[in-house]
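Structure at a glance
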Amino acid sequence: MPERFEVGLPDGVRLNVEATGPMDAQVTAILLHGWTLDGRAWHRQVEALTAPPAGGAVRVVTYDARGHGRSSCMALPTATLAQLGDDLATVIDTVAPTGPVVLVGHSMGGMTIMEYAHRHPAHFAARTAGLVFVSTTAEGHTHTVYGLSPRIARLIRLAETTGAGVLARCGSWRAPRALLHALQPSIRWMLFGDRCEPADIRLVTSAVARASLRSIGGFRASIGTQHRLDTLAALAHLPAAALVGDRDRLTPPPCAESIAQALPATELTVCPGAGHMLMLERPDVVNAALSGVLHRVLAELPPRIGGAAPAGTGA
């Protein structure tokens with residue numbers, strides 16, 4: 001069973017954290033969810049990483065970003081990617097004060113990792129041993145056209161931006177579940193590709209219902225304007241992977257391709273028929289990429305007498 005606890009942040013926000021695996025594991029993998037989601041989005045990755053024979057070598061941590069899931073809401077000025085990058089630094093110091101860390105980010109979670117690297121370069125360099133970027137971007141909304149014509153995409157972005165400004169002023173209120181149930185076809189179209197399991201759309205809808213309206217609206221501005229390709233270029237020495245679905249309407253393949261260009265050693269995977277929720281739609285592919293990075297990180301560590309086998313091996 002996962003260990004559940006809270007991490008307090010300097011501004012009083014409390015983050016809901018879940019950790020699975022031994023405290024003395026060789027590596028800690030921290031999985032960061034996307035905008036309007038929560039840590040449950042990674043449940044298939046947590047299960048895979050903590051099952052034998054990999055279990056024991058890796059401690060897996062998920063947490064709900066401020067204003068999301070079971071974490072508390074925040075003041076509107078702190079609904080930014082910059083703040084999320086600072087939050088990540090605090091989480092690492094709290095849940096993994098020593099040892100190498102592999103950071104895994106989906107969508108906004110990937111952007112959070114980039115912001116952490118940008119704002120805390122020395123801290124990042126001292127702690128981070130590997131990276132996995134899932135359905136994310138280093139270029140804001142540069143490539144986001146929702147799978148539609150540029151003209152229609154501009155109209156959608158205008159409506160989305162205007163709506164975000166209204167929602168940001170709604171504080172800790174949550175969206176009514178009845179409304180979200182009615183919007184499920186739109187959520188399914190926006191976030192998933194050719195196939196979607198009913199349980200997955202229910203999980204995503206449940207996560208959106210938990211997110212405060214302030215977080216749904218407040219983070220939109222910094223998500224749309226962030227540009228961190230220069231930051232990524234300084235991380236080319238790290239084992240890394242980038243994955244994207246070719247039906248992703250929010251962070252389409254050019255987003256992952258630009259990340260791979262900034263990190264030339266990155267293993268780029270494009271999943272046919274998949275949308276934005278790769279960890280749910282293609283869990284085996286995401287698990288394999290994550291295990292591959294973890295294996296490379298573990299292989300570079302000094303051997304531990306009597307220790308667990310590296311993740312992804314059958315030893």
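Read on for an overview of the structure. (Residues numbered from 1 in each chain as written. Predicted model: local features only at pLDDT ≥ 70, side-chain atom pairs only at ≥ 80, totals over all residues. Heavy atoms only, no water.)

Section: the overall build of the chain
We count it as follows: Strands here are runs of E lasting at least two residues and helices are runs of H or I lasting at least four, both read from the DSSP assignment and numbered beginning at the N terminus. The globule rule used for comparison is 2.2 Å times the number of residues to the exponent 0.38, while the radius of gyration itself is calculated over C-alpha atoms. Each residue gets one of three labels from its accessible area relative to the maximum for its type: buried under 20%, exposed over 50%, partly exposed in between, using a 1.4 Å probe on protein chains only. Whether two residues are in contact is decided by their heavy atoms: any pair within 4.5 Å suffices.
Of regular secondary structure, the chain possesses 14 helices and eight strands. In summary, the chain has a C-alpha radius of gyration of 18 Å against a globular reference of 20 Å for 315 residues, a match within 12%. Seen through its C-alpha atoms, the chain measures out along the principal axes to roughly 60 × 40 × 40 Å. Looking at the 315 residues of the chain, the share that counts as buried comes to 56%. For the chain, long-range pairs separated by at least 24 residues make up 80% of all intrachain contacts whose partners lie at least 6 apart in sequence.

What about the nonpolar core?
Selection rule: Think of a nonpolar core as a cluster: buried Ala, Val, Leu, Ile, Met, Phe, Trp, Tyr and Cys residues, connected wherever their side-chain atoms sit within 4.5 Å.
Core analysis: the biggest nonpolar cluster contains 44 residues, and V102, V204, M277 and L294 have the highest contact counts within it. Looking at this core element by element, the count peaks at seven residues for helix α14 (residues 283-299). In this structure, V91, L131, L238 and A262 belong to the second largest nonpolar core, which totals 43 residues.

A look at unusual backbone geometry
Residues other than glycine seldom take positive phi values, yet S107 does so here, at roughly 55 degrees. Relative to the helices and strands, S107 is located in the loop between β5 (101-106) and α3 (108-119). Notably, S135 is not glycine yet its phi reads approximately 50 degrees, a positive angle. Assignment of secondary structure puts S135 in the loop between β6 (128-134) and α5 (150-168).

With respect to the environment of E300
Following the sequence through the fold, E300 ends up in the segment after α14. Expressed as a C-alpha distance, the spacing of E300 and A129, which sit 171 residues apart in the sequence, is 9.8 Å.

Describing the environment of T80
Keep this limit in mind: Polar contacts, as used here, are pairs of N or O atoms within 3.5 Å; protein pairs need one atom able to donate a hydrogen and one able to accept it. Residues neighboring in sequence count only if both atoms are side-chain atoms.
In this structure, T80 sits in the loop between β4 (58-63) and α2 (81-95). A relative accessible area of 25% places T80 in the partly exposed class. Setting aside residues up to four positions removed in sequence, T80 forms contacts with F219 and S222. At 3.1 Å, the side chain of T80 and the backbone nitrogen of Q83 are in polar contact.

Side note on the pairing of strand β1 (residues 3-8)
Condition: Pairing between two strands requires that DSSP report at least two bridges joining them.
Note that β1 and strand β2 (residues 14-20) share six bridges and pair antiparallel. When the bridges of β2 are listed, E6 appears paired with N16. Hairpin connection, β1 to β2: the antiparallel pair is bridged by five residues, and G12 has positive phi, about 95 degrees.

Looking at the sheet that holds β5
This is how the line gets drawn: Lines fitted to C-alpha atoms define the axes, with helix axes restricted to the stretch in contact, and inter-axis angles between N-to-C directions lie between 0 and 180 degrees.
If you walk across this open sheet you meet the eight strands as β1-β2-β4-β3-β5-β6-β7-β8, and the pairing is mixed. Two strands bound the open sheet, and with one partner strand each, they are β1 and β8 (267-271). The mean inter-strand angle of the sheet, taken between neighbouring strand axes irrespective of direction, is 20 degrees. Strands in contact with α2 are β1, β2, β3 (27-32), β4 and β5; relative to β1, the strand with the most contacts, it is inclined by about 130 degrees. Each of β3, β5 and β6 is contacted by α3, which is oriented at about 135 degrees to β5, the strand it contacts most.

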